[in-house]
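# Secondary and tertiary structure notes
Here is how the chains run, residue by residue.
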Amino acid sequence: MMKQMRTVDDVMTHAVISVNRTAPFKDIVKTMRQWRMSALPVLTDEGQVVGVVSEADLLLKAQGGDESRAVSAGQLMTVPAVTVTRNASIAGAARLMARGHLKRLPVVDDDGRLIGLVSRGDLLKIYLRPDEDIAEELRELIMAELIPSGSATVHVQVSDGAVRLDGCIPDSMLNDVLVRVARTVPGVVDVTARLDVEVPA
């Protein structure tokens, strides 16, 4: 069974390339080219993330002429850095990236120190989860936690991450609840429900 992926900690990259805020322009360029990175976290001596320097930051500064190349990462970087903690949900990290049009986020501990990096590709790993794993989790969640024993019959089918719920439920309001809950399960891309209401005698 594939590991359930719910938080940033489950998908992030632990080995991260970064630069100190005193790093000069040319060293930043060399580091980006060496590691094929388009942006780098900028750290204090204590390892705290204080900003991010990107190719766009470098190009903008380079337009000022040769003298402008004598600046440091601390002067070039974009602040404040948008970061995320390792316990943040995958959905929450995705929303941060979407709002900021970001390709990756530095992952920090409670003291703001860099401990990893999460990219768009990392977040998409949850959609590699096998359909049967998704279905099994949904069955347990629906029958064990949401529906009292014997009060409903719900069949779960999953194909390529798309969930279909069929069966009978005792209350029509439960239909929307089940759909909302199903959408929270990692790996689910869509949910449809065809549930008949059958009031217990």
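Each remark here, short or long, concerns the structure printed above.
Computed from a predicted model, the values in this text were never measured in an experiment.

Helix and strand counts for the protein chain come out as eight helices and nine strands. On C-alpha atoms alone, the protein chain measures out to a radius of gyration of 23 Å, which is more than a quarter above the 17 Å that the 2.2 N^0.38 rule sets for 201 residues. C-alpha atoms of the protein chain, sized along the principal axes, occupy 85 × 30 × 30 Å. Within the protein chain, the proportion of its 201 residues that are buried is 40%. Nonlocal contacts in the protein chain, meaning residues at least 24 apart in sequence, comprise 58% of its contacts between residues at least 6 apart. Carbon and sulfur atoms make up 51% of the accessible area of the protein chain, which amounts to about 11,800 Å² in all. In the protein chain, the 23 positive side-chain charges and the 27 negative ones have mean positions that sit 9 Å from each other.

Time to look at the sheet that holds strand S9 (residues 190-197). Sheet strands associate in pairs through backbone hydrogen bonding, adopting either a parallel or an antiparallel arrangement. If you trace the three strands from one edge of the open sheet to the other, you get S7-S8-S9, paired in mixed fashion. Either end of the sheet is taken by a strand with one partner, and the two such strands are strand S7 (153-159) and S9. Geometrically, the sheet is characterised by an average inter-axis angle of 10° between neighbouring strands, direction not taken into account. Of the pairings in the sheet, the one linking strand S8 (residues 162-169) to S9 comprises eight bridges and is parallel in character. Within S9, the residue paired with Cys168 across the bridge is Asp196.

Our next topic: the pairing of S7. Across a regular strand the side chains alternate sides, sitting on one face of the sheet and then on the other. Burial along S7 is one-sided: the residues Val154, Val156 and Val158 are buried and none of Thr153, His155, Gln157 and Ser159 is. Counted between consecutive antiparallel strands, the loop separating S7 from S8 contains two residues, among which Asp160 sits at a positive phi close to 55°.

In this section: a nonpolar patch on the surface. A contiguous nonpolar surface patch, about 300 Å² in accessible area, is contributed by Leu124, Tyr127 and Val189. Along the polypeptide, Leu124 turns up in the loop between helix H6 (120-123) and helix H7 (131-146). Note on Leu124: relative accessible area 52%, which makes it exposed.

What follows deals with the pattern of salt bridges. Inspection of the entire model under this criterion finds nine salt bridges. The partner of Asp190 in a salt bridge is Arg183, and the shortest N-O contact between them spans 3.9 Å. The structure contains a network of salt bridges with shared partners spanning Arg6, Arg129 and Glu137.

Attention shifts here to the sheet that holds strand S1 (residues 19-20). Reading across from one edge, S1-S2-S3 is the order of the three strands in this open sheet, with mixed pairing throughout. Both outer strands of the open sheet, S1 and strand S3 (49-54), are each paired with one neighbouring strand and no more. Contacting S1, strand S2 (39-43) and S3, helix H2 (residues 25-35) runs over the sheet at an angle of about 130° to S2.

Right, let's get into the packing of H2 against helix H3 (residues 55-62). Geometry of a packed helix pair, given as the angle between the helix axes and the separation of the axes. Contact pair H2 / H3: the axes reach a minimum separation of 11 Å and the direction vectors enclose 140°. By the angle class used here, H2 and H3 are oblique. As H2 packs across H3, the resulting crossing turns out to be left-handed. Contacts between H2 and H3 pair Phe25, Ile28, Val29 and Met32 from the former with Glu55, Leu58, Lys61 and Ala62 from the latter. Of the residues contributing to the contact of H2 with H3, the split by class is six nonpolar, no polar and two charged.

Thresholds, definitions, all that
Residues numbered from 1 in each chain as written. Predicted model: local features only at pLDDT ≥ 70, side-chain atom pairs only at ≥ 80, totals over all residues. Heavy atoms only, no water. Helix = DSSP H or I, 4+ residues; strand = E, 2+ residues; numbered from the N terminus. Rg over C-alpha atoms; globule rule 2.2 N^0.38 Å. Buried < 20%, exposed > 50% of the residue type's maximum accessible area, 1.4 Å probe, protein only. Contact = heavy atoms within 4.5 Å. Areas by Shrake-Rupley, 256 points an atom, 1.4 Å probe, with all protein chains shown as cover. Lys, Arg positive; Asp, Glu negative; His and termini not counted. Charge placed at Lys NZ, Arg CZ, Asp CG, Glu CD. Pairing = 2+ DSSP bridges. Axes fitted to C-alpha atoms, helices over the stretch in contact; angles between N-to-C directions. Patch = residues over 30% accessible without salt bridge, like charges linked within 9 Å, V, L, I, M, F, W, Y side chains within 5 Å. Salt bridge = Lys/Arg side-chain N within 4 Å of Asp/Glu carboxyl O. Parallel < 35°, antiparallel > 145°, perpendicular 65-115°, else oblique. Left-handed = near helix turned anticlockwise from the far one by under 90°. Nonpolar A, V, L, I, M, F, W, Y, C, P; charged D, E, K, R; others polar.

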